[in-house]
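# Coordinate analysis (summary)
Residue strings, one per chain:
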Amino acid sequence: MANMIQKLYGSGADAFSNLFEVAIDPPSEITSGEDDTSYLGIRAQDFTPPQFKWSTYDFKHGALTTKKLNSKIEGERMFTLKFRSDAGYRLYDLFKRWEALSGDLFEGANHFSDIMDVAGDKVGRVAVSALTSVRRDELDRFYESDRAVIARNSISWVFKEVSVTAVSEPRFTQGTANTQDIEVRFAFQTWDRPYWINGSLQ
């Protein structure tokens, strides 16, 4: 513990990988009448933002081959978050019900037309914001906006029209007594990312 405190004191103005908050706004269809799950601030274990990049093609001139950019953008509108499950498995239940809005895996039926309706009640929002400190006012600033809309002066990713495409199942064993982890894969349609909000550079 002393080494960790010493490292924190010596960090100066460095950013830390574990200083981030996750806010989840589930679809209203699965939270109707449940005030305690209509908006969630949850500690996640890891987060890697989706990466989009320009694709390239080979440009040949004599014996020389170079890479040039083309107009195609490569990337996936998906990201994954891992959470610790609560003892009552309420978080697991919430994500499974959210996943079910996309379709019935056992019957082979999908509801893609419903989740593509951005004004519908089958999609939610997920926001991830980097914190500049562990002070209480930083957390207050994160939650001050209504329903997972993060303040613009933070380094944030706000995913909109979000559906759940996969939820990991619990694993049970008599050999150990570890915490249950839930890994959830999300798909999104639009998003705000650092310095790029509502389709314009900030």
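For the structure given in this document, a descriptive report is provided here. (Residues numbered from 1 in each chain as written. Predicted model: local features only at pLDDT ≥ 70, side-chain atom pairs only at ≥ 80, totals over all residues. Heavy atoms only, no water.)

### Side note on the pattern of salt bridges
When their charged atoms lie close together, side chains carrying opposite charge are able to pair. Applying the stated criterion across every chain yields a total of six salt bridges. Two residues, Lys-67 and Asp-58, come together in a salt bridge whose shortest N-O distance is 2.8 Å. We classify Lys-67 as exposed; its relative accessible area is 59%. Residue Asp-58 is classed as partly exposed on the basis of its relative accessible area of 45%. In this structure, a network of salt bridges that share partners links the residues Lys-96, Glu-99 and Glu-169. (Salt bridge = Lys/Arg side-chain N within 4 Å of Asp/Glu carboxyl O. Buried < 20%, exposed > 50% of the residue type's maximum accessible area, 1.4 Å probe, protein only.)

### Side note on the environment of Ser-71
Here Ser-71 lies in strand E4 (residues 64-74). Relative accessible area serves as the criterion here: at 67%, Ser-71 is assigned to the exposed category. (Helix = DSSP H or I, 4+ residues; strand = E, 2+ residues; numbered from the N terminus.)

### Remarks on the packing of aromatic side chains
Applying the stated rule across the entire model yields 15 aromatic pairs. Ring centres of Trp-98 and Phe-186 lie 5.8 Å apart, and the angle between their planes is 65°; this geometry places the pair in the edge-to-face category. You can see Trp-98 sitting in helix H3 (residues 90-100) and its partner Phe-186 sitting in strand E10 (residues 181-187), a full 88 residues away along the chain. Just as Trp-98 is buried, Phe-186 falls in that class too. (Phe/Tyr/Trp six-rings, centres within 6.5 Å; stacked < 30°, edge-to-face > 60°.)

### Some words on the environment of Thr-165
Turning to its location among the elements, Thr-165 is positioned in strand E9 (residues 155-167). When its relative accessible area of 27% is taken as the criterion, Thr-165 is described as partly exposed. Sequence separation between Thr-165 and Ser-102 is 63 residues, and the spatial gap between their C-alpha atoms is 7.2 Å. Among the polar contacts listed, one links the side chain of Thr-165 to the side chain of Arg-185, at a separation of 2.8 Å. (Polar contact = N/O pair within 3.5 Å; in protein donor to acceptor, adjacent residues only side chain to side chain.)

### A look at the side chain of Ser-55
Note on placement: Ser-55 falls in strand E3 (residues 53-61). Classification of Ser-55 by relative accessible area gives buried; the value is 5%. For Ser-55, the side chain forms a polar contact with the side chain of Asn-70, separated by 2.4 Å. For Ser-55, the contacting residues outside a window of four places in its chain are Lys-68, Leu-69, Asn-70, Lys-72 and Glu-74. (Contact = heavy atoms within 4.5 Å.)

### Here's the deal with the pairing of E10
Across seven bridges, strand E5 (residues 78-84) lies against E10 in antiparallel orientation. Note that in E10 the partner of Lys-82 across the bridge is Glu-183. Inspection of the sheet shows E9 paired to E10 by four bridges, in the antiparallel sense. The partner of Val-164 across the bridge, within E10, is Phe-186. (Pairing = 2+ DSSP bridges.)

### Considering a nonpolar patch on the surface
On the surface, Phe-52, Trp-54, Leu-69 and Ile-73 cluster together into a nonpolar patch covering about 440 Å² of accessible area. With relative accessibility at 33%, the residue Phe-52 sits in the partly exposed group. (Patch = residues over 30% accessible without salt bridge, like charges linked within 9 Å, V, L, I, M, F, W, Y side chains within 5 Å. Areas by Shrake-Rupley, 256 points an atom, 1.4 Å probe, with all protein chains shown as cover.)

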